[in-house]
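Survey of secondary and tertiary structure
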Amino acid sequence: MEAMPTDPPPPRERLGAASAPPPRRPERTPRLSGVGRFLARWLGRLVGAIAGLAVLAGLAGLIAAYGAYRHYAADLPDVVGLKNYQPPVMSRIFAGDGSLMAELATERRIYVPFTAIPERVKNAFLAAEDQNFWSHRGVDPLAILRAGVTDLSHMHEGRRPVGASTITQQLAKNMLLGNEVTLGRKIREAILALRIEQSLSKERILELYLNEIYLGQQSYGVAAAAEAYFNKPLDQLTLAEAAMLAALPKAPNNYNPFHFPEAARARRDWVLERMVETHAVTLAEARAAQAEPLVPRGFHHPDLTPDSGYFADEVHRALLARFGADVVSQGGLMVRASLDPRLQEAAENALRAGLLNYDRAHGGWRGAVSHLPDPPSSLRANWAEKLAGVTPPPGMLPDWRLGVVLGETDRAAEIGWQEGDAPAQAHTGTLLLADCAWARPLVNGALGGVPRRMRDILLPGDVVMIEPAAAPARLQLRQIPTVEGALVSLDPRTGRVLALVGGWSHAISQFDRATQANRQPGSSFKPFVYLTAMEQGISPSQRFLDAPFVVDLGDKGKWRPNNYEMDFNGPMPLHEALQHSRNLVTLRVANLLGMNAVAKTAIAFHLVDDMPRVLPAALGAVETTVLRMAGAYASLDEGGREVIPSLIDSVEDRDGHALWRTGAIGCESCGAAPDHPPLLDDTRPTIADPASVFQVVTMMEDVVSRGTGVRAGRGLNRPIAGKTGTTQDFSDAWFAGFTPDLVTVVWVGFDQPADLGKNETGGELAGPIWHDFMAEALKDRPVLPFTPPPGVTLASWSDSVQTMTDAFKDGQTPGASEPIGSPLTPPAAPAEAATTPATPASGADQAASPQGTTAAATPPPAPQAEDLDKTMGGLY
């Protein structure tokens, strides 16, 4: 086998032959000396120690920061509630026709949702307060750094630190924290801002901020501020006006355009420049807005229901009693009141006219409002400017003007006054002495004679109240009366109060004389005495003795009540006694019935909560209010159904949910059966026998047609029932009356009880006011009769004086007077009406009512001697 060839082996390297150079040995580092080695060793240790300390410091800082966070965050409020947060919103009271009566708020705010806030308003506030709002997470580090540098550069100037708070931080401060300037508060604010950003959307944060922030002029939120500064809705603001609002958060008082217009304008222009920087507006738009004049216009309600202050106050008190102060002032309640603006205006006009007439007859001239000391020559040159500086007195009526006496003669004075605003127009006119006969000057507190010359009452420079007449050149002198009055009118079917006036002017006094003044009603109380008699079966034709009535008080003397006319008519039917308001008959009726029974009736009708069981109370020597009297007479009008006056129809919360509805009359069947008329559900309790009530109402009709209330009903030509009331010393004058569909009560008197004057009775003083109001209130209403209830029959009958029509129950004979018992003859002391006739009765008691066997009720105590003048009660 042939051998295979192989490659020859490589030649062996020969020793010493050329090859790759051997690897180079590294150069040796020079050795350090001993000192160097020592320094290097300690330097390493120092670096290690510093690094360790840094780590420890970092850990300590983290622990301290965590501790500080836990400290400041421990008692922070929960921000979760902000998701459903509703800022405090004012409550509003609306009249029956929907017009605005009043706003109730500790913070005037109109809440506007985010989508309804104009973009120009949003952009203006973002440019002025937080340019990076949409990008930061609640805290803006760059703004904090910038503010810190600024504060350090001015730290020795005593200035307030520059703020760097974002809108979220401001929201946290305004809604959840206080306003103190401390580092702790800023830390808490920042923590809350971070939490808020995690819980709420940016849109919700901006919405809350723009509705919560205080912007001066008692306005909270941009919508309220738009009205406060420009008298506009938010969506009608111009760019310049929106920028002005955005200028206010920094310092609402310092940039108030009403007080500091130059500073306000400079700040507004600065906001517009910032809006250019943020590209919210163009430079041209900003320049145009800066060129606009800054003209603030104070907020006012052009549609605010006039002269409704007393009514609104009473509604406010009712709301506070039911819902509490916080809900009323911050809950955004929508309150529907029962006020009828037309009737309210008529009530104001009638009451003021009546008080003016009384004041002109009794008050005299109490002097000028003010006096301008300028000499006549210079006064004529600048009177308009000087007059503009005189403040009108509270209570001056809208149709009156302040005027200054420019000159005078014996028979006339030249008066200058102004009309209109900005600029006011100057006018001059003549005040005639003949028109000032009522203005008798007061001499040592007493009325002087009729002025004979103009200078007896006026001098050049005197500032007085005048009213331009139909012919503007002829003026009438005016002054605010010192006498006061009140009027309440309501719907008897529902109890809804349609008009309420508590005095001459709410601007002078907020004391409501219709609801807060307790006064004696005088003889207007008597119908409830007679009602008590009717309920006990006494007939309207029953005769009682109108003769002297003397209460023997032993060693304390005697009480001798009398009639207003100071005469005695002998036996008299109850109808005629009520018609002419005979006191002595009323006392004998009350004595027969017992004052416990009379008090029970008065309390059931809510005329009083309680009353003394003494005979003078039967003449009205108790205390009540005009509103209570109106409710009691409404119950008479409604046939003995309980009527509780109400000023509020409904209350709704801010979301429109009903919280309160008044009224005891419903209509559940309304709409259920279209083919049948609806049936009203009357749940009012019956507090008196309807037949007895109708008997009294029928007698009260004659009070108005032929009795003491003639002036109240004259010319109204419809069925009217009513009663006059005058107290013993003529300190209170009342007229209370009603038609089947309207009840009205009028009171006149002084706040501090004083004599109104001789013969100033309820019929003469309050009756004409009642008449003037009812003439306006009834002009568009149908004429309605009083409907008799079952069980009574109307019948006419006559006595020796007149023919009368009365309602008689079954078994009662028209004109008859039945024996009802011995109490008609005054019992002996010490019973309730122990009497000694001033003149012999000559058997009149027997003739009026033969003796019977019915015992008298247990008599209450007689009045104390020292109280006799006060407790006399009604006169007329």
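Further up the page is the structure itself.
Below is a short write-up of the structure. Note that the structure is predicted; figures quoted are calculated from it, not measured. (Residues numbered from 1 in each chain as written. Predicted model: local features only at pLDDT ≥ 70, side-chain atom pairs only at ≥ 80, totals over all residues. Heavy atoms only, no water.)

1. Comments concerning the overall build of the chain
Put simply, the test is: Helix and strand definitions here come from DSSP, where helices need a minimum of 4 consecutive H or I residues and strands a minimum of 2 consecutive E residues; each element is numbered from the N-terminal end. Using a 1.4 Å probe on the protein chains alone, a residue whose accessible area is under 20% of its type maximum counts as buried, one over 50% counts as exposed, and one in between counts as partly exposed. Should any heavy atoms of two residues lie within 4.5 Å, those residues are counted as being in contact. Here the Shrake-Rupley method, with its probe set to 1.4 Å, supplies the accessible areas, and only the displayed protein chains count as covering residues.
Along the backbone of the chain there are 23 helices and 28 strands. By residue count, 49% of the 876 residues in the chain fall in the buried class. Expressed as a percentage of contacts within the chain between residues at least 6 apart in sequence, the contacts between residues at least 24 apart total 70%. When the accessible surface of the chain is totalled, it reaches about 42,000 Å², and 55% of it is carbon and sulfur.

2. Overview of the pattern of salt bridges
What counts here: A pairing counts as a salt bridge when a side-chain nitrogen of Lys or Arg comes within 4 Å of a carboxyl oxygen of Asp or Glu.
As enumerated under the stated definition, the model contains 36 salt bridges in all. Between lysine 232 and glutamate 241 there is a salt bridge, with its nearest N and O atoms 3.0 Å apart. A salt bridge links arginine 453 to aspartate 456; the nearest nitrogen and oxygen atoms lie 3.8 Å apart. Since its relative accessible area comes to 39%, arginine 453 is described here as partly exposed. Salt bridges linked by common partners bring Asp546, Glu565, Asp567 and Arg582 together as one network.

3. Description of the packing of aromatic side chains
By convention here, two paired aromatic rings are described through the distance between centres and the angle between planes. Where we set the bar: Each pair of aromatic rings taken from Phe, Tyr and Trp, with Trp reduced to its six-membered ring, is defined by centres within 6.5 Å and is described as stacked if the planes are under 30 degrees apart, edge-to-face if over 60, and tilted in the remaining cases. We call a charge positioned over a ring when the NZ of a Lys or the CZ of an Arg lies within 6 Å of the ring centre and within 35 degrees of the ring normal.
Evaluation of the coordinates by the stated rule reveals 15 aromatic pairs. Seen from their ring centres, phenylalanine 528 and tyrosine 633 are 5.8 Å apart, and the 75° between their planes marks the pair as edge-to-face. Pair noted here: phenylalanine 528 is in helix α15 (residues 526-535) and tyrosine 633 is in helix α19 (residues 626-637), with a separation of 105 residues, a long-range link. When the ring of phenylalanine 735 is compared with that of tryptophan 770, the centres are 5.1 Å apart and the planes differ by 70°; the resulting orientation is edge-to-face. Note that phenylalanine 735 is positioned in strand β25 (residues 732-739) and tryptophan 770 in helix α22 (residues 762-777), a separation of 35 residues in sequence. Residue class for phenylalanine 735 comes out buried when judged on its relative accessible area of 0%. Here the basic side chain of lysine 202 rests over the ring of phenylalanine 133, its NZ or CZ set 4.5 Å away from the ring centre. Against the face of tryptophan 660 rests arginine 322, its NZ or CZ located 3.9 Å from the ring centre.

4. Focus on the sheet that holds strand β1 (residues 91-94)
So the rule is basically this: Pairs of strands are assigned from DSSP output, requiring at least two bridges between the strands. Angles shown run from 0 to 180 degrees and are taken between the N-to-C directions of axes, each axis being a line fitted to C-alpha atoms and, for helices, limited to the stretch in contact.
With respect to topology, 5 strands assemble into an open sheet ordered β2-β1-β5-β20-β21, the strand pairing being mixed. Each having just a single partner strand, β2 (100-104) and β21 (658-661) make up the two edges of the open sheet. Sheet twist, expressed as the average angle between the axes of neighbouring strands with direction ignored, equals 15°. In terms of strand pairing, strand β5 (residues 334-337) meets strand β20 (residues 648-652) through 4 bridges, oriented antiparallel. Its bridge partner being in β20, valine 335 is matched across the sheet by valine 651.

5. Details of the nonpolar core
Stated formally: Only buried Ala, Val, Leu, Ile, Met, Phe, Trp, Tyr and Cys residues count toward a nonpolar core, and they belong to the same one when joined by side-chain atoms within 4.5 Å.
Grouped together as the largest cluster of nonpolar side chains are 92 residues, with contacts concentrated most on Phe311, Val315, Ile538, Met611, Tyr633, Leu636 and Phe738. For methionine 611, the contacting residues outside a window of four places in its chain are Phe525, Met595, Ala599, Ala602, Ala617 and Val622. Grouped together as the second largest cluster of nonpolar side chains are 51 residues, Phe125, Ile196, Ala223 and Leu237 included.

6. Quick look at the sheet that holds strand β14 (residues 484-490)
Pairing is antiparallel in the open sheet, where 5 strands are placed in the order β15-β14-β26-β25-β24. The sheet is open, and its two borders are formed by β15 (497-501) and β24 (721-726), each paired with just one other strand. Taking the axes of each pair of neighbouring strands and ignoring which way they run, one obtains an average angle of 5° across the sheet. Relative to β15, β14 runs antiparallel, the two being bridged by 4 bridges. In the strand pairing of β15, valine 488 is matched with leucine 500.

7. A closer look at α22
Selection criterion: Here the bend at each residue means the angle between axes fitted to two seven-residue stretches, the one ending at that residue and the one beginning there.
At proline 768, α22 shows its strongest bend, of approximately 25°. Judged by how many residues are buried, α22 sits mostly within the fold: 12 of 16 residues are covered. Among the residues making up α22, those that are buried are Gly762, Gly763, Leu765, Ala766, Gly767, Pro768, Ile769, Trp770, His771, Phe773, Met774 and Ala777. Where the residues of α22 are buried, they touch α13 (341-362), β14, α21 (710-713), β24, β25 and β26 (742-749).

8. Some points on the environment of leucine 333
Within the secondary structure, leucine 333 sits in the loop between α12 (325-330) and β5. Accessibility expressed as a relative area gives 1% for leucine 333, which makes it buried. Among all residues touching leucine 333, those that are not within four sequence positions of it are Met90, Ser91, Arg92, Phe323, Val327, Val328, Val651, Glu652, Asp653 and Leu659.

9. Considerations on the side chain of threonine 532
One can find threonine 532 in helix α15. Not counting the four nearest positions on each side in its chain, threonine 532 is found in contact with Leu593, Ala597, Val598 and Thr601.

10. Points about the packing of α13 against α22
To keep things clear, this is the line we draw: For classification, angles of less than 35 degrees are called roughly parallel, those exceeding 145 degrees roughly antiparallel, those between 65 and 115 degrees roughly perpendicular, and all remaining angles oblique. The sense of a crossing depends on the near helix, which, turned anticlockwise from the far helix by less than a right angle, makes the crossing left-handed and, turned clockwise, makes it right-handed. Under the convention adopted here, Pro, Cys and the residues Ala, Val, Leu, Ile, Met, Phe, Trp and Tyr are nonpolar, Asp, Glu, Lys and Arg are charged, and Gly plus all remaining residues are polar.
Relative orientation of the contacting elements α13 and α22 amounts to 150°, with a least axis distance of 9 Å. Judged by the angle between their axes, α13 and α22 are roughly antiparallel. Where α13 crosses over α22, the two elements pack in a sense that is right-handed. From α13, Arg342, Leu343, Ala346, Ala347, Ala350, Leu351, Gly354 and Tyr358 reach across to α22, where they touch Leu765, Ile769, Asp772, Phe773, Glu776 and Ala777. Each residue belonging to the contact of α13 with α22 can be placed in one class, and the counts come to 10 nonpolar, 1 polar and 3 charged.

11. Considerations on a nonpolar patch on the surface
Where we set the bar: Distance thresholds for patches are 9 Å for like charges and 5 Å for nonpolar side chains (Val, Leu, Ile, Met, Phe, Trp, Tyr), applied to residues having over 30% relative accessible area and no salt bridge.
Taken together, the side chains of Leu53, Val55, Leu56, Leu59 and Leu62 define a hydrophobic patch exposed on the protein surface, amounting to about 510 Å² of accessible area. One can find leucine 56 in helix α1 (residues 34-73). For leucine 56, a relative accessible area of 53% puts it in the exposed group.

12. Here we look at the pairing of β5
In β5, alternate side chains face the same way, and those of Val335 and Ala337 are buried while those of Met334 and Arg336 on the opposite face are not. Taken together, the 3 bridges between β1 and β5 define a ladder with parallel strand orientation. Among the inter-strand pairings, arginine 92 is bridged to a residue of β5, identified as methionine 334.

By themselves these figures say nothing about function.
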